[in-house]
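Single-letter residue listing:
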Amino acid sequence: MSASMPSQGRPWPELRAEMLALKGRDLDWRGGRHAAYVWHAWDDVEEVAREAYALFMTENGLGMRVFPSLQEMESAVVQMVAALAEGGPEVSGHMTSGGTESIFLATKAARDWARATHPAITTPEIVAPFSAHPAVNKAAHLLGMRVLRVPTGEDFRADAAALAAAVSPETVMLYGSAPAYSLGVIDDIGALARLAAERGLWLHVDACVGGILAPFVRRLGYPVPAFGFSHPGVTSLSADVHKSGFAAKGASVVLFRDAAHQEFSRYTFTGWPTGSYSTLTFTGTRPGGAIAAAYAVMNYLGEDGYLRIAGAAMRARDRFIAGLAAIPGVHVWGEPDLWAVAYGVRDADITAVTREMVRRGWAVGPVKEPPGIHLMITPVHEPVIDAYLVDLRASIDAVRGGTATAEGRQAAY
Ligand SMILES: Cc1ncc(COP(=O)(O)O)c(C=O)c1O
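Not measured: the values here are computed from a predicted model.

Undergrad: Teacher, can you tell me more about the layout of surface pockets here?
TA: Empty space among the atoms can be located by rolling a probe the size of a water molecule over them. Of the voids in this model, the largest pocket is the one considered here, and its volume is about 830 Å³. Around the largest pocket, the lining comprises 25 residues; the ones closest to its centre are Lys23, Trp29, Arg30, Glu46 and Arg50. Those elements that place two or more of their residues in the lining of the largest pocket are α1 (12-23) and α2 (43-55). Tallied by class, the residues present in the lining of the largest pocket amount to 15 nonpolar, 2 polar and 8 charged. Approximately 640 Å³ is the volume attributed to the second largest pocket. In this structure, the second largest pocket is lined by 24 residues; those nearest its centre are Gly61, Leu62, Met64, Gln71 and Arg286. Mapped onto the lining of the second largest pocket, the elements with two or more residues apiece are α3 (68-84), β1 (92-96) and β9 (277-279). When residues of the lining of the second largest pocket are assigned to their parent elements, the largest contribution, 5 residues, is made by α3.

The following block contains the structure:
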């Protein structure tokens, strides 16, 4: 592949063929070989996202006055997500490029809210469970804040009493997940919300993974606890439409209890030739395609579509958990509430098992603490769950029997 710009442009068919060949080296996610990264339900959903994205690929969400189309679609997506997050009409929010940006904006809003309401605080702190996604540390790092990570309880969920004990006069924000990435367990948001309300703290709920689909899992009869604005202590919530909303990448929603809290995520600058530059997002230019694809996919799927996706993912999850239980020494960590599962293996080195699975063509999500392997189950995994379990059993047998290869790649998260 040429690394320098060609002096003369190359024909698209040639480039296309080259790029498809490159793609051929990637992991076969259509065959369900991935443990994370890709949220694919069915080809028709992907096609809708692709066409909608292409329709608005050139438009820019930074210029909502020139593109009222994007404003209307963004507002519709935000309202749909707010309803899923048990929010009333006062809840307001906006779309962002992904979970990390949504969490960054909620954290920035919490910091600026604290500056306005608690001016004595010098180094604003966030108290979070050990299971919180690193995006909160990234945000705190950029925002001059500190994160205190507190061990989770025996059930691997946030331990509200331990969080309460870690709160100091500098604390401005508490953090909970619905669910946490690694083990797929939903924190007791009710307990965290009560603590936040009692201490006058901001509570952010990271529902990046569960925010869109978890309510449909609940409607199928699974015991999914409420994790949104029905708890009065919840101040902000992030939900990624490019994860369990199955839209194109570059689409998340950050929601705030009301417009006043949302305003704290704004950045305004006036000291340059063009005058006032003011955005609620971290990014300036925003891809119109991501907004359009989110709007199209959510409407294309509708409630019945998301129920079908939830059904497929949970059926696969249930079969997976049952299959794991049938392999001696394998156990699920915690009690996963949704479609993300992690398991451990007794009497076998987990790194060696991971290596064996990778050798058999699976991208494996490692978990360090507790030691395990993670799988984010989506509908595309449903047909391959049994094959995964067969390979897992063979991998464990190879490790226990001493026939495993000592070398090989370990796929990262
Ligand atoms: C719970 C959780 N929060 C936040 C994020 C960050 O989202 P993104 O990668 O879209 O920035 C992830 C990503 O996997 C996540 O699992």
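Undergrad: Sorry, what's going on with unusual backbone geometry here?
TA: Here the amide bond leading from Ala178 into Pro179 is cis, since omega sits at -5°, within 30 degrees of zero. A cis geometry characterises the amide bond from Glu369 onward to Pro370, with omega recorded as 0°. Looking at where Pro370 falls in the secondary structure, it is placed in the loop between β12 (365-367) and β13 (372-376). Even without being a glycine, Phe246 presents a positive backbone phi close to 60°. On the secondary structure map, Phe246 appears in the loop between β6 (236-240) and β7 (252-256). Residue Phe246 is classed as buried on the basis of its relative accessible area, which comes to 3%. We note that Asp347 has phi near 60°; this positive angle belongs to a residue other than glycine. With respect to the secondary-structure elements, Asp347 resides in the loop between β11 (340-345) and α11 (350-359).

Undergrad: What's the story with the sheet that holds strand β3 (residues 146-150) in this structure? I'm lost.
TA: Sheet strands line up and pair through hydrogen bonds in the backbone, either parallel or antiparallel. Read across the open sheet, the 7 strands follow the order β1-β7-β6-β5-β4-β2-β3; overall the sheet is mixed. Either end of the sheet is taken by a strand with one partner, and the two such strands are β1 and β3. Averaged over all neighbouring strand pairs, the angle between strand axes comes to 20°, with direction disregarded. Sheet topology note: the strand β2 (residues 125-129)/strand β4 (residues 171-177) ladder contains 3 bridges and is parallel. Across the sheet, residue Glu125 finds its bridge partner in β4, namely Thr171.

Undergrad: Is there a simple way to explain the pairing of β7 in this structure?
TA: Counting buried positions over the 5 residues of β7 gives 5, a clear majority of the element. Burial along β7 is two-sided: Ser252, Val254 and Phe256 and Val253 and Leu255, pointing in opposite directions, are all buried. Bridge analysis of β1 against β7 gives 5 bridges, and the strand direction is antiparallel. Bridge pairing in β7 places His94 opposite Val254. Relative to β7, β6 runs antiparallel, the two sharing 5 bridges. Bridging from a neighbouring strand, Ala239 pairs with Val253 of β7.

Undergrad: Explain the domain arrangement of the chain here, please?
TA: Note on interface size: it is often stated as the accessible area lost on association of the parts. Entries for the chain in the domain assignment read domain 1 (50-299) and domain 2 (303-399). Look at where the C-alpha atoms of domain 1 and domain 2 centre, and you get two points 28 Å apart. In this complex, domain 1 contributes 28 residues to the contact, which on the side of domain 2 involves 25 residues. The contact between domain 1 and domain 2 buries some 2,300 Å² in all, and 73% of this surface belongs to carbon and sulfur atoms. If you sort the residues of domain 1 by the area they bury against domain 2, Leu183, Phe216 and Tyr222 come out on top, with a joint share of 23%. Joining domain 1 to domain 2, the criterion identifies 2 salt bridges. Its salt-bridge partner being Arg219, residue Glu303 comes within 3.4 Å of it at the nearest N-O pair. Seen at the junction of domain 1 and domain 2, the total is 8 residue pairs in polar contact (both at pLDDT 80 or more). Mapped onto the side of domain 1 that touches domain 2, the elements with two or more residues apiece are α8 (214-219) and α10 (288-325). When its residues are assigned to classes, the side of domain 1 that touches domain 2 shows 21 nonpolar, 5 polar and 2 charged.

Undergrad: Would you mind going over empty space enclosed by the protein with me for this structure?
TA: Under the defined criterion, the tally for this structure stands at 2 cavities of 30 Å³ or more. Empty space within the largest cavity amounts to approximately 70 Å³. Lining the largest cavity are Met95, Thr96, Ser97, Glu101, Gly250, Thr283, Thr285, Arg286, Pro287, Ala290 and Ile291. Elements represented by at least two residues in the lining of the largest cavity include exactly β1 and α10. Each residue belonging to the lining of the largest cavity can be placed in one class, and the counts come to 4 nonpolar, 5 polar and 2 charged.

Undergrad: I'm lost on the pairing of β4 in this one. Help?
TA: Moving residue by residue along a regular strand, the side chains alternate between the two faces of the sheet. For β4, the buried fraction is high: 7 of the 7 residues fall into the buried class. Pairing between β4 and strand β5 (residues 202-206): 5 bridges, direction parallel. Bridge pairing links Gly176 to Val205 in β5. Handedness of the β4-helix α7 (residues 189-199)-β5 crossover: right-handed.

Rules of the game
Residues numbered from 1 in each chain as written. Predicted model: local features only at pLDDT ≥ 70, side-chain atom pairs only at ≥ 80, totals over all residues. Heavy atoms only, no water. 1 Å grid on protein atoms, 1.4 Å probe; cavity = no way out; pocket = protein on both sides within 12 Å on 5 of 7 lines; lining within 4 Å. Points joined across faces, edges and corners; volume = space filled by probe spheres on them. Helix = DSSP H or I, 4+ residues; strand = E, 2+ residues; numbered from the N terminus. Nonpolar A, V, L, I, M, F, W, Y, C, P; charged D, E, K, R; others polar. Buried < 20%, exposed > 50% of the residue type's maximum accessible area, 1.4 Å probe, protein only. Pairing = 2+ DSSP bridges. Axes fitted to C-alpha atoms, helices over the stretch in contact; angles between N-to-C directions. Domains from an automatic or database assignment. Contact = heavy atoms within 4.5 Å. Buried area = accessible area lost by both parts, 1.4 Å probe. Salt bridge = Lys/Arg side-chain N within 4 Å of Asp/Glu carboxyl O. Polar contact = N/O pair within 3.5 Å; in protein donor to acceptor, adjacent residues only side chain to side chain. Right-handed = clockwise from strand over helix to strand, strands pointing away.

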